[in-house]
Protein chains: 2
Amino acid sequence: MARKLAAFTGRPVSAAEELIITPGTQGALFLALGAAVNAGDRVAIVRPDYFANRKLVVFLGAEVVPVRLDYLGSTGKAGLDLAQLEDAFKSGARTFLFSNPNNPAGVVYSRQEIAAVAELANRYGVTVIADELYSRLLYSNQTYTHICAAGIAPDQVITILGPSKTESLSGYRLGVAFGAAHLIERAEKLQAIVSLRAPGYSQAVLNTWFDEPEGWLAERTAQHQAIRDDLIAVFRKVPGLSVRVPEGGSYLFPRLPPLTLALHDFVRAVRVQANAIVTPGTEFSPDATDSIRLNFSQNHQAAVQAVQRIAQLIERYRA
Amino acid sequence: MARKLAAFTGRPVSAAEELIITPGTQGALFLALGAAVNAGDRVAIVRPDYFANRKLVVFLGAEVVPVRLDYLGSTGKAGLDLAQLEDAFKSGARTFLFSNPNNPAGVVYSRQEIAAVAELANRYGVTVIADELYSRLLYSNQTYTHICAAGIAPDQVITILGPSKTESLSGYRLGVAFGAAHLIERAEKLQAIVSLRAPGYSQAVLNTWFDEPEGWLAERTAQHQAIRDDLIAVFRKVPGLSVRVPEGGSYLFPRLPPLTLALHDFVRAVRVQANAIVTPGTEFSPDATDSIRLNFSQNHQAAVQAVQRIAQLIERYRA
């Protein structure tokens, strides 16, 4: 496992000291944050980003310091506000947590952005927790930079991965966190009291992770990309709707035109009238009151039809 | 599952509102405590009791209020100091966590003790978390009282069970917590951010839990009891050693005679010279500096031989 992760990221990984196998990637996120963050700490978090990040920081008694991601206004990079990130570090944040590709927007951080994050983390002594759950599912030969191999001090970075998404092995509840030995040691101690270990019999599936049949990943990515392209085409025809084409992952995060319904009512209307489940943008960023997140990892035709129904619903409730 | 738990404990369980399936019983313990306890709270905990209890309370930023269990000086009851328990509740503890059968001592709380705990909990508005992980493995028709069915207010008790011990299904990482609906709801929300859910494919084994083949539990219990009796016989021949015969579970918790070695050095000597793993008593109670916990759930003959080697080591290091 350590050898595979080292080959994938380009950073050496000590199996004995720098790797923990966790109950799912959600478990990895909790254990990494639990190891790095104490009550009263300040934790920098991207807006928008995965909703559990914020909730975990609150559960740990720490304070969220938001950092803006201008995903709609950027191309060739994710759009992280690096000045705001530095301000967060200056204000005392000693942990920075982000997902790459970003969940919900599916955008990938550029090599320059990752290098800048690494440089700032080194300068301010910040621990970076990189949730790279979707980093195997990249479209059109998108380049990807693992921050753990981008010049950051080895004892200041934890990377999180798991076979739940691209590989559809979520039901086994397996994940990994690897990096800073002193934090992995704390994560092991925390795991001993909160969940003991990842399910033993499940762990057998890790043997084939990264060793899938030749061509499997390319085919899976192509299928996802074809769905993505068809969904984007539907949304592009909706006047006033903004959506960035995701570079990885299985999500779309469109900004909707003004509606006569509040966001939560529209999400309910999507469920009841369009028979589709979407997540309100406010789960990812308090100010994303005009956005919804869609998961398109399912059936191609069903996904296109669902988005067509959502587009019709936008017209019905257009302000 | 809810029907089986209701039949086992004698308390109705609503599957929709009063039951959560967790990643192992360790996960159940963490989620129940995480739901019930806030930073700064006082939590009453038995001494000695399972070591993770204390560590979880500390992790949650709460304070441990110890309550003595005189397991060596009691018969026909576990030996809980009820006056000290009431003092703990008077001092502001609003949660009481205990294992029954007790881990490490294997003693079972009497009907009177459980009734008294329920009555005190009702009077002081205390939430009781009962870790009943070993409650199916009871020796010689030992009677057992589930506190959830002993007159405690339904919204003040959480019971924890799992198929990891008696049933040897630990590798599947499955547990349950059931009881107070408002706490189960909080536990569900906490699970959503710390571990998402118990492993999906594993959950199939819950279908046969409590529905094992006729006679299976009796045979398994008889096998454990035969090991227990042989180990107790070995320890009874060691002058100055005190041990109570456990009424349930797979542990012995002998108090050793004075030794020339400190406890941790003796535990290391047991590992290196007697090729056996025991846990220092101080993991269960800071003042149990003269006790060790043994697990006898393994091979009968190997367990007896290991205890014989430990008895020899006691002679070697007798003060």
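Small disclaimer: the values here were computed from a predicted structure and weren't measured. (Residues numbered from 1 in each chain as written. Chains lettered and ligands numbered in written order. Predicted model: local features only at pLDDT ≥ 70, side-chain atom pairs only at ≥ 80, totals over all residues. Heavy atoms only, no water.)

### Quick word on the overall build of chain A
Across its full length, chain A carries 9 helices and 10 strands. A globule of 319 residues ought to have a C-alpha radius of gyration of about 20 Å, and chain A, at 19 Å, matches this closely. C-alpha atoms of chain A, sized along the principal axes, occupy 55 × 45 × 35 Å. With 319 residues in all, chain A has 58% of them scored as buried. For chain A, contacts bridging at least 24 residues in sequence account for 72% of all contacts bridging at least 6. Only carbon and sulfur atoms are counted for the fraction: they give 50% of the accessible area of chain A, which is about 12,700 Å². Taking the average location of the 31 positive side-chain charges in chain A and that of its 29 negative ones, the two points are 5 Å from each other. (Helix = DSSP H or I, 4+ residues; strand = E, 2+ residues; numbered from the N terminus. Rg over C-alpha atoms; globule rule 2.2 N^0.38 Å. Buried < 20%, exposed > 50% of the residue type's maximum accessible area, 1.4 Å probe, protein only. Contact = heavy atoms within 4.5 Å. Areas by Shrake-Rupley, 256 points an atom, 1.4 Å probe, with all protein chains shown as cover. Lys, Arg positive; Asp, Glu negative; His and termini not counted. Charge placed at Lys NZ, Arg CZ, Asp CG, Glu CD.)

### Some points on the nonpolar core
If you look at the biggest cluster of nonpolar residues, it comprises 60 residues, and the most contacted ones within it are Phe-30 and Ile-158 of chain A together with Phe-30 and Ile-158 of chain B. Among all residues touching Ile-158 of chain B, those that are not within four sequence positions of it are Ala-32, Val-128, Ile-129, Ala-130, Ala-177, Phe-178, Gly-179, Ala-180, Leu-183 and Ile-184 of chain B. Membership of the second largest hydrophobic core comes to 47 residues, among which are Val-46, Tyr-71, Phe-89 and Ala-130 of chain B. (Core = buried A, V, L, I, M, F, W, Y, C linked by side-chain atoms within 4.5 Å.)

### Quick look at unusual backbone geometry
Residues and elements named next belong to chain A. Residue Pro-48 follows Arg-47 across a cis peptide bond; omega there is 0°. Assignment of secondary structure puts Pro-48 in the loop between β2 (42-47) and α3 (51-59). With an omega of 0°, the peptide bond running from Asn-100 to Pro-101 counts as cis. Within the fold, Pro-101 resides in the loop between β4 (95-99) and α5 (111-124). Phi at Arg-173 is positive, roughly 55°, even though this residue is not glycine.

### Remarks on the sheet that holds strand β3 (residues 63-68) of chain B
Residue and element names in this part refer to chain B. Ordered in space as β1-β7-β6-β5-β4-β2-β3, the 7 strands form an open sheet in which the pairing is mixed. Edge strands, defined here as strands with exactly one partner in the open sheet, are β1 (19-22) and β3. Across the sheet, the mean angle separating the axes of adjacent strands is 20° when strand polarity is ignored. The strands touched by helix α4 (residues 82-90) within the sheet are β2 (42-47), β3 and β4 (95-99), with β3 carrying the most contacts at an inclination of about 160°. (Pairing = 2+ DSSP bridges. Axes fitted to C-alpha atoms, helices over the stretch in contact; angles between N-to-C directions.)

### With respect to the interface of chain A and chain B
In this complex, chain A contributes 24 residues to the contact, which on the side of chain B involves 24 residues. Around 2,000 Å² of area is buried between chain A and chain B when both sides are counted, 69% of it from carbon and sulfur atoms. The interface formed by chain A and chain B holds 0 salt bridges in total. Summed over the shared surface of chain A and chain B, the result is 6 residue pairs in polar contact (both at pLDDT 80 or more). Sorting the residues of the side of chain A that touches chain B by element identifies α2 (24-36), α3 and α6 (181-194) of chain A as the ones contributing at least two each. Counted by class, the side of chain A that touches chain B contains 15 nonpolar, 6 polar and 3 charged residues. (Buried area = accessible area lost by both parts, 1.4 Å probe. Salt bridge = Lys/Arg side-chain N within 4 Å of Asp/Glu carboxyl O. Polar contact = N/O pair within 3.5 Å; in protein donor to acceptor, adjacent residues only side chain to side chain. Nonpolar A, V, L, I, M, F, W, Y, C, P; charged D, E, K, R; others polar.)

### Observations regarding the sheet that holds strand β9 (residues 279-280) of chain A
Residues and elements named next belong to chain A. In space, the 3 strands of this open sheet follow the order β8-β10-β9, with antiparallel pairing throughout. Pairing within the sheet leaves two strands with one partner each, and these edge strands are β8 (251-252) and β9. As judged from the 2 bridges shared by β8 and strand β10 (residues 292-295), these two strands associate in the antiparallel manner. The residue bridging Leu-252 from the neighbouring strand is Leu-294, located in β10.

### Some thoughts on helix α7 (residues 216-236) of chain B
Between its first and last C-alpha atoms α7 of chain B spans 30 Å; for 21 residues at 1.5 Å apiece the expected length is 30 Å, and the two agree. Among the residues making up α7 of chain B, those that are buried are Arg-220, Thr-221, His-224, Gln-225, Ile-227, Arg-228, Leu-231, Ile-232, Val-234 and Phe-235 of chain B. (Expected span 1.5 Å × (residues − 1).)

### Section: the packing of aromatic side chains
Residue and element names in this part refer to chain A. If you walk through the whole model with that rule in mind, you get 29 aromatic pairs over all chains. Geometrically, the ring pair formed by Trp-209 and Phe-210 is tilted, given 4.7 Å between the ring centres and 35° between the ring planes. Comparing Trp-209 with Phe-210, the two get one shared label, buried. In textbook terms, an aromatic cluster arises when at least three aromatic residues are bridged by ring pairs, as seen for Tyr-50, Phe-51, Tyr-71, Phe-253 and Phe-284. For Arg-293, the ring lying beneath its charged end belongs to Tyr-251, and the centroid distance is 3.9 Å. (Phe/Tyr/Trp six-rings, centres within 6.5 Å; stacked < 30°, edge-to-face > 60°. Lys NZ or Arg CZ within 6 Å of the ring centre and 35° of its normal.)

### Thoughts on the pairing of β10 of chain A
Alignment of β9 of chain A against β10 of chain A, held across 2 bridges, turns out to be antiparallel. Residue pairing for β10 of chain A: Pro-280 of chain A is matched across the bridge by Ile-292 of chain A.

### Focus on the relation of the copies chain A and chain B
The operation relating chain A to chain B is a screw motion whose rotation component is 180°, with 0.0 Å of axial translation and a residual RMSD of 0.0 Å. On the angle and the small slide along the axis, the relation comes out as a two-fold axis. Most of the interface of chain A is mirrored in chain B, where 100% of its interface residues again form contacts. (Least-squares fit on C-alpha atoms with pLDDT ≥ 70 in both.)

### Some points on the environment of Val-58 of chain A
Residue and element names in this part refer to chain A. Tracing the chain through its elements places Val-58 in helix α3. What makes Val-58 exposed here is its relative accessible area of 54%. When the C-alpha atoms of Val-58 and Arg-220 are compared, they prove to be 36 Å apart, with 162 residues separating the residues in sequence.

### As for the side chain of Arg-11 of chain B
All names here are of chain B. Tracing the sequence through the fold places Arg-11 in the loop between α1 (2-9) and β1. From its side chain, Arg-11 meets the backbone oxygen of Pro-154 in a polar contact 3.3 Å long. Contacts of Arg-11, omitting those with residues within four sequence positions, involve Ala-6, Glu-18, Cys-148, Ala-149, Pro-154, Val-157, Gly-179 and Ala-180.

### Things to note about the packing of α2 of chain A against α6 of chain A
Residues and elements named next belong to chain A. Remark: α2 packs on α6, axes separated minimally by 8 Å, with the N-to-C direction vectors making an angle of 115°. For α2 against α6, the interelement crossing comes out right-handed. Counted together, Phe-30, Leu-31, Gly-34, Ala-35 and Ala-36 of α2 and Leu-183, Arg-186, Ala-187, Leu-190, Gln-191 and Val-194 of α6 form the full contact between these two elements. (Left-handed = near helix turned anticlockwise from the far one by under 90°.)

### A few points about the confidence of the model for chain A
Chain-level statistics for chain A give a pLDDT mean of 97 and a share of 100% at 70 or above. Taken over the whole predicted complex, pTM reads 0.95, whereas the ipTM for its chain interfaces reads 0.93. (pLDDT = per-residue confidence, 0-100.)

### Details of the side chain of Ser-135 of chain A
Residue and element names in this part refer to chain A. By the element assignment, Ser-135 lies in the loop between β5 (127-131) and β6 (157-161). A polar atom in the side chain of Ser-135 sits 2.7 Å from the backbone oxygen of Glu-132. With near-sequence residues (within four places) excluded, Ser-135 lies in contact with Phe-8, Asn-100, Pro-101, Tyr-144, His-146 and Leu-161.

### Some points on the pairing of strand β7 (residues 175-179) of chain A
All names here are of chain A. Of all 5 residues making up β7, 5 are buried, and the element is well covered by its neighbours. Here β7 shows a buried face lined by Gly-175, Ala-177 and Gly-179 and a second buried face lined by Val-176 and Phe-178. Note that strand β1 (residues 19-22) and β7 share 4 bridges and pair antiparallel. Counterpart to Leu-19 in the pairing with β7 is Phe-178. Relative to β7, β6 runs antiparallel, the two sharing 4 bridges. The residue bridging Ile-158 from the neighbouring strand is Gly-179, located in β7.

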